[in-house]
Amino acid sequence: MQTFEHTPHLHVDADSRDGAADDWGHLVHHRPRAVARPSTVDELVAVAEYADAQRLPYVVRGQGHSPAGASQIADGLVIDTGALRAVHDIDSDRITVDAGARWSDVLRASLAQGRTPPVLTDYLELSVGGTLSVGGIGGATHRHGLQTDNVLELQVRSPDGVVRSCSAAEDREVFDAVRGGHGRHGVILRATLRLVPAPERVSRRLLRYDDLADFLADQRRLMTGGEFDHLEGLAKPAEDGSGWEYVLDVANYYTRTPPIFADSGLRHRAEEFVDQEYFEFLAAMAPLEELLRDTGAWYLPHPWLNAFLPDSAADDVIAETMRDLDPADLGAPDGGLVLLYPLRTDVIRTPRRRLPEEPIAFLFALLRTAPTDDPGALRRMLDGNDVLRRRTLDAGGFIYLEP
Ligand SMILES: Cc1cc2nc3c(=O)[nH]c(=O)nc-3n(C[C@H](O)[C@H](O)[C@H](O)COP(=O)(O)OP(=O)(O)OC[C@H]3O[C@@H](n4cnc5c(N)ncnc54)[C@H](O)[C@@H]3O)c2cc1C
């Protein structure tokens, strides 16, 4: 067996191999034979050519924030794009970056020109190549689709070894295969992403509900009304221990005059207004990440399940799941969350991103953190995920982040 000890750019030390055999989930561990860390696109292409010549299977890794081993490979090569973060051209309507750039890199560079990507994920430290390989959902998805719907051009090394540019107008097949393709149809080397004018501030309204049906009805209504730039929602354990509280999170962007929210007969119990800078609003996960790193919850296993539910089944599946869900089944305090919000399926045009065939679908995500002091907790969480996976598929839904 070849050992790669003297092959340039390949790391075979135990720390590199163990690091690449882990990810956000800490549940799956496939140990590679070597890890490459190219810092330019040319180096990446050379490494992939070398791997092909050696018949060495490889997988590309962005930030390794997948929950279940998507960027791992047993006995193969992991090509880690963490150092491939260059920002190239930036224009009023587009930015070109290397695939390992994080969305925070993209946002900082574009905000310096008064521009922004139209859709950002809640967490900005994910790689462009990583989210374009799965979809990329955020609070603006109900209006602008996924991040994969907002790509103008990709430079790709396709499985036949050819480096090509592709877009909606050129090599469409490759473009459609790679976006949401889970890294199986080519390596994304560089991406040209759509930009729009950036606002300076965000006026946000957080509406609190005790009743799930009211919450879902108001979410549908606000999304269909189309008056908000941002729309998300979540469930969290009620502070008085009486079950679940639902929070509807809507916002409008502005630069000079804050928008006025019309009170349109919504059924919330309480509400809160927040006015923030645009960057602060988008980077809201940063202080939470710091907290979770401090408490250690960031490093615990994350048995996550992200479901796309058809509108027609959403109320029943969500109600059943929330009824059976004990707050302890989400995990450590601050570490667990349920994300719950609607999407308009007609604005999502990425061919590989399969969604329920209804005008509205709900993202229903159980973002769990398994404590280490209860050995049965992880098993219960995984079993609970299996139940939701089955309910989702039976209802005509799909699971996000699972190829
Ligand atoms: C804290 C946290 C918050 C999150 N928030 C959101 C959110 O708001 N919205 C959302 O949609 N998702 C969210 N996710 C999920 C996240 O989008 C996916 O897990 C994403 O794949 C992670 O990106 P990554 O850079 O870590 O990719 P990795 O996990 O490293 O890779 C993911 C997949 O992409 C492939 N890949 C990576 N780079 C390339 C490339 N250059 N070419 C070809 N294939 C490649 C890999 O082989 C793998 O199959 C979140 C995850 C975490 C941990």
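Residues numbered from 1 in each chain as written. Predicted model: local features only at pLDDT ≥ 70, side-chain atom pairs only at ≥ 80, totals over all residues. Heavy atoms only, no water.

## A word on the overall build of the protein chain
Then comes step 1: Helix and strand content of the protein chain: 11 helices and 19 strands.
Then comes step 2: Its C-alpha atoms give the protein chain a radius of gyration of 21 Å, near enough to 22 Å, the size a compact globule of 403 residues would have.
Then comes step 3: Principal-axis analysis of the C-alpha atoms places the extent of the protein chain at approximately 65 × 50 × 40 Å.
Then comes step 4: Here the protein chain holds 403 residues, and 52% of them are scored as buried.
Then comes step 5: Within the protein chain, counting contacts between residues at least 6 apart in sequence, those at least 24 apart form 70% of the total. (Helix = DSSP H or I, 4+ residues; strand = E, 2+ residues; numbered from the N terminus. Rg over C-alpha atoms; globule rule 2.2 N^0.38 Å. Buried < 20%, exposed > 50% of the residue type's maximum accessible area, 1.4 Å probe, protein only. Contact = heavy atoms within 4.5 Å.)

## Focus on the packing of helix 7 (residues 212-225) against helix 10 (residues 311-324)
Then comes step 1: Between helix 7 and helix 10, the least distance of the axes is 10 Å, while the angle of their chain directions is 150 degrees. Regarding the angle of helix 7 to helix 10, the classification is roughly antiparallel. The hand of the helix 7/helix 10 crossing is right-handed. Contacts between helix 7 and helix 10 involve Leu212, Ala213, Leu216 and Arg220 on the former and, on the latter, Asp311, Ala314, Asp315, Ile318 and Ala319.
Then comes step 2: By residue class, the composition of the contact of helix 7 with helix 10 is 6 nonpolar, no polar and 3 charged. (Axes fitted to C-alpha atoms, helices over the stretch in contact; angles between N-to-C directions. Parallel < 35°, antiparallel > 145°, perpendicular 65-115°, else oblique. Left-handed = near helix turned anticlockwise from the far one by under 90°. Nonpolar A, V, L, I, M, F, W, Y, C, P; charged D, E, K, R; others polar.)

## So, the packing of aromatic side chains
Then comes step 1: Following the criterion strictly, the structure yields 10 aromatic pairs and no others.
Then comes step 2: On the basis of an interplanar angle of 65 degrees and a centroid distance of 5.7 Å, the ring pair of tyrosine 123 and tryptophan 298 is categorised as edge-to-face. Pair noted here: tyrosine 123 is in the loop between strand 7 (115-116) and helix 4 (128-132) and tryptophan 298 is in the loop between helix 9 (285-295) and strand 16 (305-310), with a separation of 175 residues, a long-range link. The same class applies to tyrosine 123 as to tryptophan 298, namely buried.
Then comes step 3: Between the aromatic rings of tyrosine 253 and phenylalanine 281, the centroid separation amounts to 6.2 Å while the plane-to-plane angle is 65 degrees, which identifies the pairing as edge-to-face. Taken together, the residues tyrosine 253 in strand 14 (residues 244-254) and phenylalanine 281 in helix 8 (residues 278-282) connect sequence positions 28 residues apart.
Then comes step 4: For arginine 179, the ring lying beneath its charged end belongs to phenylalanine 175, and the centroid distance is 4.0 Å. (Phe/Tyr/Trp six-rings, centres within 6.5 Å; stacked < 30°, edge-to-face > 60°. Lys NZ or Arg CZ within 6 Å of the ring centre and 35° of its normal.)

## Some details on the site of the ligand
Then comes step 1: Around the ligand, a shell composed of 33 residues is seen, among which Val60, Gly62, Ser66, Ser127 and Tyr400 lie nearest.
Then comes step 2: In this structure, aspartate 122 approaches the ligand through a main-chain N or O atom, which is 2.8 Å from an oxygen atom.
Then comes step 3: Glycine 130 is positioned such that a nitrogen or oxygen atom in its backbone is 3.4 Å from an oxygen atom of the ligand.
Then comes step 4: Coverage of the ligand by the protein amounts to 95% of the 970 Å² it exposes when considered alone.
Then comes step 5: Those elements that provide at least two residues to the shell around the ligand are strand 3 (58-61), helix 4 and strand 10 (187-194).
Then comes step 6: Of the residues that constitute the shell around the ligand, the class distribution is 15 nonpolar, 16 polar and 2 charged. (Near = heavy atom within 4 Å. Polar contact = N/O pair within 3.5 Å; in protein donor to acceptor, adjacent residues only side chain to side chain. Areas by Shrake-Rupley, 256 points an atom, 1.4 Å probe, with all protein chains shown as cover.)

## Re the sheet that holds strand 14
Then comes step 1: Read from one edge of the open sheet, 8 strands run 15-12-14-13-17-18-16-19, paired in antiparallel fashion. Only two strands of the sheet have a single neighbouring strand rather than two, namely strand 15 (270-277) and strand 19 (398-400). Averaged over all adjacent pairs, the angle separating strand axes in this sheet is 25 degrees, with direction ignored.
Then comes step 2: Judged from the 8 bridges that link them, strand 17 (residues 337-344) and strand 18 (residues 360-367) form a sheet pairing that is antiparallel. Within strand 18, the position partnered with proline 342 by the bridge is phenylalanine 362.
Then comes step 3: Contacts between helix 11 (residues 375-394) and the sheet are confined to strand 16, strand 18 and strand 19, with strand 16 contributing the most and set at about 25 degrees to the helix. (Pairing = 2+ DSSP bridges.)

## What about the domain arrangement of the protein chain?
Then comes step 1: Looking at the protein chain, the domain boundaries give domain 1 (10-80), domain 2 (87-197) and domain 3 (201-400).
Then comes step 2: One C-alpha centre belongs to domain 1, the other to domain 3, and the line joining them spans 32 Å.
Then comes step 3: Counting from both sides, the interface comprises 6 residues of domain 1 and, opposite them, 9 residues of domain 3.
Then comes step 4: It is Trp24, His26 and Leu27 that lose the most area in domain 1 upon contact with domain 3, and together they represent 78% of the buried surface on that side.
Then comes step 5: Our count for the contact surface shared by domain 1 and domain 3 stands at 0 salt bridges.
Then comes step 6: Scanning the region where domain 1 abuts domain 3 turns up 3 residue pairs in polar contact (both at pLDDT 80 or more).
Then comes step 7: Residues that form the side of domain 1 that touches domain 3 fall into these classes: 3 nonpolar, 3 polar and no charged. (Domains from an automatic or database assignment. Buried area = accessible area lost by both parts, 1.4 Å probe. Salt bridge = Lys/Arg side-chain N within 4 Å of Asp/Glu carboxyl O.)

## What to know about the environment of glutamine 113
Then comes step 1: Take glutamine 113: it is sitting in the loop between helix 3 (103-111) and strand 7.
Then comes step 2: A residue is classified by how much of its surface remains accessible, and glutamine 113, at 48% relative accessible area, is partly exposed.
Then comes step 3: When the C-alpha positions of glutamine 113 and isoleucine 90 are compared, they lie 8.3 Å apart, and in sequence the two are 23 residues distant.

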